[in-house]
Every structure is written in C-alpha cells, then in structure tokens.
Amino acid sequence: MPDRPGPGFRPRVGPPSRRARVLLLTAAVLAALIVLFVLFAGLWTDWLWFKSVGYSSVFGTQLSAKIGLFAVFGLVMAVVVGVNLWLAYRLRPPLSAMSVEQQSLDRYRMGVAPHKRWLLVAISLLIGLVAGAAAAGQWRTWLLWTNQTPFGEKDSQFHLDVAFYAFSLPWYEFLLGFAFSAVIVSLLAAVLVHYLYGGLRLQGPGRRASAGAQGHLAVLLGAFVLLKAVAYWLDRYALAVKSGAYKGVDGWTGLRYVDANAYLPAKTILFFVAIICALLFFLTPIRRTWAPALIGFGLMALSAVLIGGLYPAIVQQFQVKPNEQAKETPYIQKNIDATRQAYGIADSRTQQYTPKDSTTAEALKQDAQTISDIRLLDPNVVSPAFQQLEQQRSYYAFPKTLNVDRYGTGTAAQDTVIGVRELDLNGVQQRNWINDHFKYTHGYGVVAAKGNQVNSQGQPVFTESGLPATGALGDYQQRVYYGEKSTQYSIVGGSNSEIDYTTDTGADQTYKYTGDSGVSLDNPLTRAAYAVKFAEPKILYSGAIADGAKVIYDRTPKERVEKVAPWLSIDADPYPVVENGRLVWVLDGYTTSDGYPFSSKTTLGDATKDSLTDQRGRTLTAANEVNYIRNSVKATVDAYTGEVTLYQWDDADPVLRTWMKAFPGTIEPRSAIPGTLLPHLRYPQDMFKVQRDLLAMYHMTDANAFFNGTDIWQVPQDPTTGTGDVQPPYYLTVRMPDAAAASFSLTTSFVPSKRDNLAAFMAVGADPGPDYGKIRVLKVPGDTGTLGPNLAQAKFNSDPEVARQLNILKNGSGSDVEYGNLLTLPVGGGLLNVEPVYVRGNSAKYPVLQKVLAVYGKDNVAFENTLEDALKKVFGAATSGAPATPNAPGTTSPGTTAPGTTTPPATGSRTGANPALDKALQDAQKAFTDGQDALKSGDWTRYGQDQKALQDALSAAAAAQQQGGGGAPAPSSSPTASP
C-alpha cells in the first residue's frame, strides 16, 4: 500500500513559490503571444491575398470601416456606461443614512473598494468591446448610408426617394438600437451601483430611493422613453417595408388599408404621447416625485394598447372585412407596381397564344432555325459521357452539370455543351502532402460538343476534345489552376515541377507555373503565417518550398469574386468561356436590397431552388430575403492566372453606383468588356428564376384580379427527375411568335395552381443586344387543355407504342432509361415538346442517346431513333409543301417552298459588273438548293444551317449592291419568289 502522511501532516497553504509564479507568467505571456500571432496571421494573409489579386483597396476600405465603427461605437458605449457607473457612485448617500438592509452589503462594498477604479474601467471597456464588435458588423450599412445614390423613384405613401428606405432607414434603425442598448445597459448598471451603495432599497419604511438615485434613474428612463418616441416616428416609415403573408404571398410588403388608416395615425399619436412622457421623467428630479412620470408612462402603455393595438383591430374588423376588396385594391395596386419595378419585370410583355394541334408548311417557315437548333444533348445527363470519353486521366473530372454556350459566328454559330477538365485529387493514386499541394495542381483544357447532334452510337459529337484539347476553339492557355473543383491550396513556381498530364506512354509531362497570381513564400514570417492559416507546420520548414515559390488559394471562381466584391450576391453557376487565347470563368453578380417600399420580399434560396440544385449548389443562404435585385455586374476569373475582373453591366442601378462610390476603381465600365467575350455573356439563371417565381403571381397587373386570385400560376415539377422539385429553366435558341428571328433565350413553363395543363410559356432574351433581358410571356387560354410538362410526360408514358419500346429498352437488355430535359418550344403556331431518351446498359458507365420523344399539340406523339424522324411524324403533312395533299415526309410539293425557306433573288443581266454581288448571289442560290436537298432528306439540322447561310448571303448581296451601285436587282426576301 502507498505511504500515507502521518496524522500530524499539514499541506502547505499560501502563495505559490517564485518559480511557480514565473512559470505561470511565462505560460500566460506565451498564450497571449500565440493568440496575437494567430490574429496577425489571419490579418496578414488576407492583406497579402488582396494585394496579389489587385484589390487591396477593398481590404483597406473594409478594414478601415470596421475599425472606425468598432472604435467610435465601442468608445461611445464605454464612455456612456462608465459615466453612469461613476455618477451612480458619486450620488451614493452617506453611510449613516443607510438602512439595516443596506448595511448588510458592507462586505461587498469593502471587497469592491480597493479595486473600484479598475472595475469601472474594466466593465466599461468590456461592454465597449462587445458593442464595438457588434457595430463593426454594420460596415455595409455604414458604407451604403455615406455613399448613397438616389433611385430617382418615390414611394407612393410618403413620397420619399427609395434611397431613404434602402440606405438611410437601416442606418437610423441601427443608431436607434445602439442608443437603446446604451441606455438599458446604463440603467441596469446604475441600478446595481445605487443598490450596492444605498441609493436604492427594497425593504423598510420611508423612501425607496435617495434623491440622487431618483434623479439619475429618472433621467435614464426619460432618455429611454424619448428614444421610444423616435422609434414610433421611424415606425411610420417602416410600414412601407413591413412584410407579412397576404393573398398567398408570404413576403407581402407595404401598407394596407389598416396600416394607412389606423397604424399610421396611431404611431403619430404615440410619438407625441412619448414626448410628453419623457418630459415628465426629466422633470422628476425637480418635482422630487415619481407620480407624474409613472402616470404618464402608464398612460403611454395604455395608449399603445388601445391606439396601437385595439383601434387597428376595430378598423380591420368593421371597416375592412365587410368591404375588403374595395378597401384593399388601391394598396394591392401599389404593391403590384412596386414589386414589378423592383424585380425588373415591369416591362415584361404578355400576349395571348392559342396553340394549334396541327401545323402547315407555311406556319413552319419562320421556325426552321428553332427546329434545327433543338438541343438534344442534356447538359445534366451527359456529364458521365464526357467523363468516360474525355476524362483521359484518373485525376481529372468534369462537373455533374455541364454548361450551355454559343460558339461560332454567322451560319457557324450553334448551341454548345461545354465542360472543363478539372483536377480531381480523389483520382490520385498516391495521396500525400507533396502530391496534393505541389505535384497535382491544375486541370487541363475544355471539352465541347454540339448541342443539337449525336453520332450514330448516341454519343456527343465533340467539337473540342483530346489531351491537350484540340478542335474548333483554337489555341488557348489550357491549364486550369482556378476552377470549381480547386478547393485546396497549391504551392507553385520556383523550382517546383508540377505534373501537367501523363502521356500515352505513361510518362509525366511536367510544367512550371509562370502566372502572376499567388503570394510569395520567400519571407519566413509569411511562411509562418500561412503555416498557421492552413494548420500545416510543414509550410514553415519544408525544403520543397524553394525560392520563388508562391501559394495560391481561394481558387474557386465564386469565392474569389465574393471575396473581392463582398457586397455582391454571386450566381450559383459559373460557366467557362474560351476567348482570345484564354479560358475564363464568367459569373453574374447581383446587387440586392430589402428596403424597396411596397415591393414584396422573396427568399433567394427558395426562389432559386430547382431539380438541379443539388448538382449546382444554391446561390445564397435560405434566410436571405430581398425585395430588389439587379444583375448589375459581370465578372470573369482567369482559369490560369486567377485574375478577377468586374464589369459594370447595369449602369442605371443605384445600388451598384453606391457601392462603386464606396469602392472606387474596382469595377470596369461596360465598354471595357472584350469584344470576344461579349457574345458569350448571357442572361443569368438565378435572376430568371427569381423573376419567374414572382411572375407566377405578379403577371396579374390588375388589383381586382390579384385580390380574387383568379389566375395564379406555378412552376411545374420536373417530370424527368421524380424529386418533386420544380423544373429548371433551359437555354434554347427559340423564336417567339412576335419575333422576326430565333435568338438564344432562357425559357420556362407555367402551369395553373394545382393543375398540370400549360398556363404560359416564358422566354427572356439571353444574348447581349437590343432584346437582352426582354421578357415575353405567351399566355395560354385555360380551356384549350394544352399539355404542361407533366401531362406531356404522361402522354409519352401512356402511348402504347412508346410503352412497348421503352419496355424493350429496359427489359430486353437490362438497361436503365434516363430522360433528358423536356423542352417546350412554340413552333408553327403550336407547342412542340421534345425529350431525349438516354439508355445506360448494365455494363455501361455512361448513358447514350437512343430515342427522341416528341409531341405536338395534344395527340401527335412520336418515339423515334432521331429527332428528324420524330419531327416528320408529329408534323405530318407540314413537312411537305402541300398542306392540302399530304406527301411523303420531307418532300415539297410543286410550286411551293419549304417551311422556313427564304428564296434567293432572280439574277439580273449585269453579271460581272459587281464581283462581290455576283458571289453573294451565287452563295444564296447554293444555300437555297442545299436547303431543299436537306429538307427532302429530312435533315432539319442541315436545313436550318442552310437557311442561315441563305439569309447571310442575301444580306451580303444587299450590302454589295449599295456599295457597288450596280449589278443585279436588290435581293428579295419574299417567301413566294421562285428560285
């Protein structure tokens, strides 16, 4: 058994030895130094990062705003609380006047007495630090207030510029909240000190408070009530941005009848009542009695209940409810107008569209381009095909959802599905620190395929492929150091040889990074800071980091743009563009506000969620509510250098102009956008999804219709996924019925609330140009029974022939069937639904396109091997030129022209007088002939391309004639002219 101390043993009690004190002090100093260095490392590495990307001014502006707010408001709070603590101590009564209850606190007073000065300073500073930290988080509110730009629009109730609600009111509310906090904390601290030193007592006869305590607390209570008066006054304006559920809109914002006629006058009355009550409190030290102030405070509380609560309830019950529609429609109209303006949907144009169940060759003429550009390649399905066919090496990967862009000009322009071959460290066979951060550092090249074609095996038709990639995109820097999968830091440069790619012979092709990005690690202090930042001590001492080495991090395009522009909300789907010899990521940035009066609020996370959210990621947190949004910035991130460039896209946006004043020099003008990049810019999906979410209700511009809810729409569920989430919008080349030609657009469908027939088709111009951002809505009459996406899918599944062939595909070979995107297109006066069907065999690693489903109208269903065959079947006689006498599909009748044909002009007799004109006319004749041949063979893709060539040739002929002043007659675009 262990020895035990004898009965006379006493443990040593007393202060620690000198050695122990030295050790404790040393440990405390070391701990403080470690904490300080960690804080320094974070600040220092952030500064180096911003400096490396050329946005050090953003870091400086943020830091100065945060430090300034922290210092000012922290100091104000500390001074206010400290002065009140000191004042409460100075106003203490003499000890002789203390009651028995107060004398029992002597031991506490004696314990505080030796340290009272330090306690005063410490408590004040601690409260000041907390307040300062809270104020520093308001740097955005401060910058918006100090740099605000007028909207040039006034609200319909108070007739103030919208900037007051968006920029000024939030700052005033913060100041009011801070003042309330200062008064409440001071009041609680004063009460505690007064009680401790005898100024207040809870028991015994006589006065409960000394004269000093009474006066001090009365002034603080008066300040509190005075602030409440200010709050009542600001609440009047806050009614214009107050939100709540109404008429099926969860974020309904703005005044209603009861607000304007009950709450608004009640707030005004309560403001004056609070002013009087505050004056009574301020008079308390003079009158030496609480009675008037307490009576006034009670009356104010009673007024708040009666005037601010009961009276509005009476107005609602006895004035509004008996005639709610008449009372509310003026305020509903204000909400409709403001909401449509705030979300950029005020100029959306709605037209009636009654789809036909059949069409004619004449009706199809103008839709040849739409038909030829129907996208068969679903970017959400074909990623495994890209992965299997073009991954090339196990350490490369493609995103789950590919992107759709346009490449080529004139007749060669076409929708293209494109993906970046990015680095995937999960495919590296030997994972270690050197391989992860020094050797495998970048992806390589892009892979692109035609959107409207597949080969004979159902695989994509690649226009850019291979490793290194070659094809239609030309020469460009293919190394991808910055991408959506680049989530780890890498150390590059110096003598470090990275693995570029592995050749077919198994040899590693190496490369040394020469880009300008990254932070140099030559400074030992910097290396120590990054060792702390990444929690990796090897950065401090590893010999693999040679002179000239740099660390690159924060490499995903979204986080880079969010960091240099923290005031922007960034679209969830960056997309790659190859232009001018480089690969860049393009991102859309949104400016938002929740202070647009009368505009209903929406939750961005919910509005942008669809069936592809899990694959793409959500744009913002689910709690981010806004009632104003603009796509004001286009941003690019160079995939090789990491360079971030912000371009001003919406020069009329007052929120953007405000931020540009706050961060001068960070945004390039719209004119600086490179000409090679401009054709690739497009209307953003997240903006479109927010707008369509609002248009489901706010397409109703009449307040009475809105009140009755007679025509509520909703975005249909995606019938191809079975997740229950809504259908995503699709980028398509489509011609709206009132447009002269097809254009690259972003499209969606609507169905009536709780029904599946089609209610409307919506498209927005997605190509930069005069039609960019123009929203067109085709409203379908409810009695037509037009198929919505789910009904179209049901029509496919219920068709006996389709069901039979699907069973063969599924059961005959044991394969899985995957449905591609269900596309809805206005074609030939009706609506065409097209859906590619992919088949994945048991042993196959990727799906291949095997069939195409199509339905035109309500009953024309086709399930064919190719799109051409499916269109022949659903269009029937319209694929010939004789509507009255059906001919074989793909042929034309004598004396008529093919659908969509624009015929060339008759050639004049002055051939040779204008060589350019002659060549243009020859090109036109050739394009026309080729188009007829393509139509006869049922090749809609080639037919559409020939029609584009014909249009270009006619335009060239017109230009040549004007410049040459002679030659053939002017080209004719008459569709009835003979070739």
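Looking now at the overall build of the protein. The helix and strand inventory of the protein stands at 28 helices and 34 strands. Within the protein, the fraction of its 979 residues that count as buried is 52%. Of the contacts made within the protein by residues no fewer than 6 positions apart, 69% connect residues no fewer than 24 positions apart. When the accessible surface of the protein is summed, it comes to about 42600 Å², and 57% of that surface belongs to carbon and sulfur atoms.

The subject of this paragraph is the packing of aromatic side chains. Overall, the coordinates contain 52 aromatic pairs when judged by the stated rule. Note on Phe 164 and Tyr 165: the rings are 5.2 Å apart at their centroids and 85° apart in plane angle, and the pair reads as edge-to-face. Residue Tyr 165 is classed as buried on the basis of its relative accessible area of 2%. Ring geometry for Phe 180 versus Phe 224: centroids 5.3 Å apart, planes at 65°, classification edge-to-face. Placement of Phe 180 in helix 7 (residues 162-196) and of Phe 224 in helix 8 (residues 211-238) is noted, with a sequence separation of 44 residues between them. Residue classification places Phe 224 among the partly exposed residues on the basis of a relative accessible area of 28%.

A contiguous nonpolar patch, built from Ile 295, Leu 299, Leu 302, Val 305, Leu 306, Leu 310, Ile 314 and Phe 318 and spanning about 780 Å² of accessible area, is present on the exposed surface. Structurally, Ile 314 is set in helix 10 (residues 291-320). For Ile 314, a relative accessible area of 39% translates into the label partly exposed.

Attention shifts here to the sheet that holds strand 17 (residues 549-552). Judged by pairing direction, the sheet is antiparallel, and its three strands sit side by side in the order 13-17-16 without closing on themselves. If you trace the sheet from one side to the other, it starts and ends with strand 13 (490-493) and strand 16 (519-520), each paired once.

Chain-level statistics for the protein give a pLDDT mean of 85 and a share of 86% at 70 or above. Note that pLDDT drops below 50 for residues 881-912; the model gives that stretch 85 contacts with residues more than four away or on any other chain. Here residues 965-979 scores under 50 on pLDDT; set against residues more than four positions off or in separate chains, the count is 36 contacts.

Its place among the elements puts Asp 155 in the loop between helix 6 (139-146) and helix 7. Distance in space between the C-alpha atoms of Asp 155 and Ala 338 is 8.4 Å, their sequence separation being 183 residues. Once residues within four sequence positions are removed from consideration, Asp 155 is found in contact with Leu 160, Tyr 165 and Pro 597. Separated by 3.0 Å, the side chain of Asp 155 and the backbone nitrogen of Gln 157 make a polar contact. Here the side chain of Asp 155 touches Phe 158 through a polar contact of 2.6 Å, landing on its backbone nitrogen.

Checked against the element boundaries, Ser 542 lands in the loop between helix 17 (538-541) and strand 17. Looking at Ser 542, the relative accessible area reads 12%, which means it is buried. Those residues within four positions of Ser 542 in sequence are excluded, and the remaining contacts are Trp 433 and Arg 527.

Where empty space is left in the structure can be found by rolling a water-sized probe over the atoms. A volume near 780 Å³ is recorded for the second largest pocket. If you trace the second largest pocket, you find 27 residues lining it, with Asp 250, Thr 602, Asp 606, Ala 607 and Asp 693 closest to the centre. Considering each element in turn, the lining of the second largest pocket owes the most residues, seven residues, to helix 22 (residues 685-698). Its residues assigned to classes, the lining of the second largest pocket shows ten nonpolar, seven polar and ten charged.

So, on to the packing of helix 6 against helix 7. Relative to each other, helix 6 and helix 7 sit at 130°, their axes nearing to 8 Å. Classed by the angle they form, the pair helix 6 and helix 7 counts as oblique. Viewed along their axes, helix 6 and helix 7 form a crossing whose handedness is left-handed. Across the interface between the two elements, Thr 141, Trp 142, Leu 144 and Trp 145 of helix 6 pack against Phe 167, Ser 168, Pro 170, Trp 171 and Tyr 172 of helix 7. Partitioned by chemical class, the residues of the contact of helix 6 with helix 7 number seven nonpolar, two polar and no charged.

Take the nonpolar core next. Among the nonpolar cores identified, the biggest contains 167 residues, and Phe 151, Leu 646, Tyr 698, Phe 706 and Phe 750 are the most heavily contacted of them. The biggest single contributor to this core is helix 7, with 19 residues. Ignoring any residue separated from it by four or fewer positions in sequence, one finds Leu 646 in contact with Tyr 55, Val 561, Val 564, Ala 565, Val 633, Lys 634, Ala 635, Thr 666, Ile 667 and Glu 668.

Okay, helix 5 (residues 116-136) next. The end-to-end C-alpha distance of helix 5 is 30 Å, a good match for the 30 Å that 21 residues give at a rise of 1.5 Å each. Looking at the buried side of helix 5, the elements it contacts are helix 2 (56-90), helix 6 and helix 7.

As a further point, take the side chain of Glu 422. Within the secondary structure layout, Glu 422 lies in strand 7 (residues 422-423). No salt bridge is formed by the buried Glu 422. Its closest oppositely charged neighbour is Lys 485, at 6.6 Å. If near-sequence neighbours (up to four positions away) are discounted, Glu 422 is found in contact with Tyr 395, Tyr 396, Ala 397, Gly 443, Gly 483, Glu 484, Lys 485, Ser 486 and Trp 585.

This part takes up the side chain of Arg 555. Here Arg 555 lies in the loop between strand 17 and helix 18 (557-564). The buried charged residue Arg 555 lacks any salt bridge, with Glu 498 as its nearest oppositely charged partner at 7.6 Å. At a separation of 2.9 Å, a polar atom in the side chain of Arg 555 contacts the main-chain carbonyl oxygen of Tyr 481. A distance of 2.7 Å separates the side chain of Arg 555 from the side chain of Ser 490, its partner in a polar contact. Sequence-distant contacts of Arg 555, defined by excluding residues within four places in its chain, comprise Thr 441, Tyr 481, Tyr 482, Gly 483, Ser 486, Gln 488, Tyr 489, Ser 490 and Arg 560.

A few words now on the pattern of salt bridges. Taken as a whole, this structure holds 28 salt bridges when the rule is applied. Measuring nitrogen to oxygen at the nearest pair gives 2.8 Å for the salt bridge that ties Asp 259 to Lys 242. Of this pair, Asp 259 sits in helix 9 (residues 257-287) while Lys 242 sits in the loop between helix 8 and strand 1 (243-246), and the two are 17 residues apart along the sequence. By relative accessible area, Asp 259 is classed as buried at 2%. For Lys 242, a relative accessible area of 36% gives the class partly exposed. The closest approach of N and O atoms between Asp 771 and Arg 776, which form a salt bridge, is 3.8 Å. With relative accessibility at 15%, the residue Arg 776 sits in the buried group. Each of Arg 349, Asp 738, Asp 771, Lys 774 and Arg 776 takes part in one network of salt bridges that share partners.

Quick notes on the rules
Residues numbered from 1 in each chain as written. Predicted model: local features only at pLDDT ≥ 70, side-chain atom pairs only at ≥ 80, totals over all residues. Heavy atoms only, no water. Helix = DSSP H or I, 4+ residues; strand = E, 2+ residues; numbered from the N terminus. Buried < 20%, exposed > 50% of the residue type's maximum accessible area, 1.4 Å probe, protein only. Contact = heavy atoms within 4.5 Å. Areas by Shrake-Rupley, 256 points an atom, 1.4 Å probe, with all protein chains shown as cover. Phe/Tyr/Trp six-rings, centres within 6.5 Å; stacked < 30°, edge-to-face > 60°. Patch = residues over 30% accessible without salt bridge, like charges linked within 9 Å, V, L, I, M, F, W, Y side chains within 5 Å. Salt bridge = Lys/Arg side-chain N within 4 Å of Asp/Glu carboxyl O. Pairing = 2+ DSSP bridges. pLDDT = per-residue confidence, 0-100. Polar contact = N/O pair within 3.5 Å; in protein donor to acceptor, adjacent residues only side chain to side chain. 1 Å grid on protein atoms, 1.4 Å probe; cavity = no way out; pocket = protein on both sides within 12 Å on 5 of 7 lines; lining within 4 Å. Points joined across faces, edges and corners; volume = space filled by probe spheres on them. Nonpolar A, V, L, I, M, F, W, Y, C, P; charged D, E, K, R; others polar. Axes fitted to C-alpha atoms, helices over the stretch in contact; angles between N-to-C directions. Parallel < 35°, antiparallel > 145°, perpendicular 65-115°, else oblique. Left-handed = near helix turned anticlockwise from the far one by under 90°. Core = buried A, V, L, I, M, F, W, Y, C linked by side-chain atoms within 4.5 Å. Expected span 1.5 Å × (residues − 1). Lys, Arg positive; Asp, Glu negative; His and termini not counted.

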